[in-house]
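A look at the structure
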Amino acid sequence: MNLIQSNQDYLQQYKNSVEDPEKFWDEVARDFVWKKKWNKVLEWDFAKPSVKWFVGGKLNITENCLDRHLKERGDQRAIIWEPSDPKDAPKSITYKELHEQVCKVANMLKNLGVKKGDRVCIYMPMIPELAYAVLACARIGAVHSVVFAGFSSGSLVDRITDSGCSAVLTTDGASRGGKRIDLKKIVDDALPKCPTVKSVVVFDCIHSKPPMQEGRDYWWHDVVNSAPSVCPAEEMDSEDLLFILYTSGSTGKPKGMVHTCGGYMVYINYTFRTAFQYKEGEVFWCTADLGWITGHSYILYGPLSAGATTVIFEGIPSWPDMGRFWQAIERHKVNIFYTAPTAIRSLQLAPLSFVEKCDLSSLRVLGSVGEPINEEAWHWYDENIGKKNCPIIDTWWQTETGGFMITPIADVTKLKPAHATLPLPGVQPAVMDENGKELTDNGVEGRLTIKFPWPSMARTIYGDHQRFRDTYFSTFPGKYFTGDGCKRDDEGYYRITGRVDDIIIVSGHNMGTAEVESAIDEHPSVVETAVVGYPHDIKGQGIYAFVICHQKPDNDEGLRGEIRETVAKIIGPIAKPDKIQFVSGLPKTRSGKIMRRILRKVAEGELSNMGDTSTLTDPAVVEEIVKGKL
Ligand code: WT7
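Presented here is an overview of the structure given in this document. Remember, predicted model here, so these are calculated numbers, not experimental data.

Before going further, it helps to examine the site of the ligand. Near the ligand you find 18 residues, and of these Asp394, Thr395, Thr399, Asp484 and Arg499 are the closest. Between the ligand and Asn510, the relevant distance is 3.3 Å, taken from an oxygen atom to a side-chain nitrogen or oxygen of the residue. For the ligand, whose unbound accessible area comes to 560 Å², protein coverage reaches 95%.

As structure tokens, then:
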């Protein structure tokens, strides 16, 4: 199908996609390799909810990402790997080489007894072997569950046991920003609590010689190198599971979002090519980690299915200096650069000379993801990185949506700073008021829902369909509720205003306040905690914790440090609270519910008007909290 070329095209295709979605997606889906064509494009019922795309279709996503490119572009680079230390040499992996490596890892998994439908946990740093591992699972129909390598052993236990993984793929360790992380040690700490895990395969990344458990642990080089380099792609049903990816929820327990094969493949490829207007031969760099949905969809599956060259970056933007991104763009002549507002805001504080020293003339399109991008960061990105010559594609989407939902299309959509702009074809947003009424006019503000299925939507929460229904389909019956608030302006442009639930977005990472609270509560001195988000110059939102202790601490700073370490150990360093205020009580209603509205105001520094506090059991506690604000 032809890509959208102009605004008129967009309007026409959008209209087609709404008037006859099945015809629209049927046409898009024809551009892929299917082992068997579908009988029906879509079956759905949001009341259950049940959604099936390309019903009866059979495929393997890796044939679309690898095999189909071999003839035309076998020697083209599929992956450019930029190592953590810029003194190390980058690596290029052609489509032919990638195909071979994926087949080897796939055969290795088979040799270990991993079969179609089995779950495999992947806990690795951003090295090419991580990509091989993910694609190898897809090759044999095993369900991958990638866990971000910054998570602690406790988080790993939760994720491995929830989905019952039988194998773990990891490395001895990782080096990130000059620091060393012993990943195998974290895995070893987790595994005694993970009875389903039969085998662990360890890639020797930093040569740290960790202990290996006989009969359970294998070195990657021993079991992969000897494996055959041809492995037929398993035939998958369109609705078979492709992967599980955990995201935070409003309770302490992370949700294993389930994505399936056919619809995901079609939608991710379509949105990648459409939003960025990807052109044959371009180098694409998404700076996210593969441990998040952004990495799954737009480092691997989107670019590879489109035959693009995708950059995998092992490092961080600030090491060895604040010019790392710009140097790598110059080095690899990157054409499309896709990053997060939090990174832009931190790099914007560094001297401009870091940018000016680099030749960024290869850039054609810029992207942003993960949280609303503020106007100041938008303009800095536009002027200094894009030189006012590259459209900024502000993509709004979620782990649950699988791919872009509301986003400009490069060179097609008229941009508006800090606006995600317009829905892609196939996406039907509805703005709802608090009483559940749809606001059909423009110039409105409310809650963002989607009223029609799109191919890459999550199908369920692994092992808990009821929670899937309760979380996403019950607030506004018949509609998918995103959890975000939005404004739709007079032109019909969307601006995402942020979460309206108990999820905070810290440096673009989705975090449940309940999850952080229960981690803080693990500290022996802590009785109870309430966590809220507050505006943070660089991270977008920071974590503010109100903590009640058994006794008034003698050393506030000391205890704060301990609490932060507790959280880092239980969830991971990304969840460490920025501010910890010790309080003697929390504002609670008579039914015992914490009034977070009040705590949010305090954390935001809006101290003048606390609104109605008459329903609180002890209104005096509010005064104390206001006085002690950090
Ligand atoms: C939440 C989803 C999308 C992949 C990375 C995060 C926020 C995401 C934007 C954007 C405003 C955004 C929303 C959303 N968000 N992109 N362009 N503008 N807000 O995935 O961890 O599932 O988080 O991130 O609040 O609901 P996630």
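Moving on, we get to the pairing of strand E28 (residues 509-512). Note: strand E27 (residues 503-506) against E28, 4 bridges, orientation antiparallel. When the sheet's bridge partners are listed, Ile504 is paired in E28 with Met511. Counted along the chain from E27 to the antiparallel partner E28, the turn is 2 residues long, and its residue Ser507 has a positive phi close to 50 degrees.

Bringing the pattern of salt bridges into the picture now. One pass over the full model with this rule turns up 41 salt bridges. Salt-bridge contacts for Lys388 lead to Asp382; the nearest nitrogen and oxygen are separated by 3.9 Å. Since its relative accessible area comes to 57%, Lys388 is described here as exposed. Classification of Asp382 by relative accessible area gives buried; the value is 10%.

The next thing to look at is the side chain of Glu239. Assignment of secondary structure puts Glu239 in the loop between strand E13 (236-237) and strand E14 (241-247). You can call Glu239 buried: its relative accessible area is 17%. Side-chain polar atoms of Glu239 contact the side chain of Arg459, separated by 2.9 Å. Not counting residues up to four positions away in its chain, the partners in contact with Glu239 are Val51, Lys52, Trp53, Thr260 and Arg459.

Conventions we followed
For every chain, the first residue of the written sequence is number 1, and numbering continues from 1 onward in sequence order. pLDDT decides what is reported in this predicted model: residues at 70 or higher carry local features, side-chain atom pairs at 80 or more are listed and counted, and totals for whole chains, interfaces and linings draw on all residues regardless. Neither water nor hydrogens contribute to the side-chain values; these are computed over all heavy atoms in the structure. Each residue is tested against the molecule or strand, and it is near if at least one of its non-hydrogen atoms lies within 4 Å. Two N or O atoms form a polar contact when they lie within 3.5 Å of each other; inside protein one atom must be a possible hydrogen donor and the other a possible acceptor, and for residues adjacent in sequence the pair counts only when both atoms belong to side chains. Surface accessibility in these figures is a Shrake-Rupley result with a 1.4 Å probe; residues are shielded only by whichever protein chains are displayed. Any two strands with at least two DSSP bridges between them are considered paired. Numbering of helices and strands starts at the N terminus; helices are DSSP runs of H or I of at least 4 residues and strands are runs of E of at least 2. Any Lys or Arg side-chain nitrogen found within 4 Å of a carboxyl oxygen on Asp or Glu counts as a salt bridge. Any residue under 20% of the maximum accessible area for its type is buried, any over 50% is exposed, and the rest in between are partly exposed; the area is computed with a 1.4 Å probe on protein chains only. Note on contacts: a residue pair is in contact if any heavy atoms of the two residues lie within 4.5 Å.

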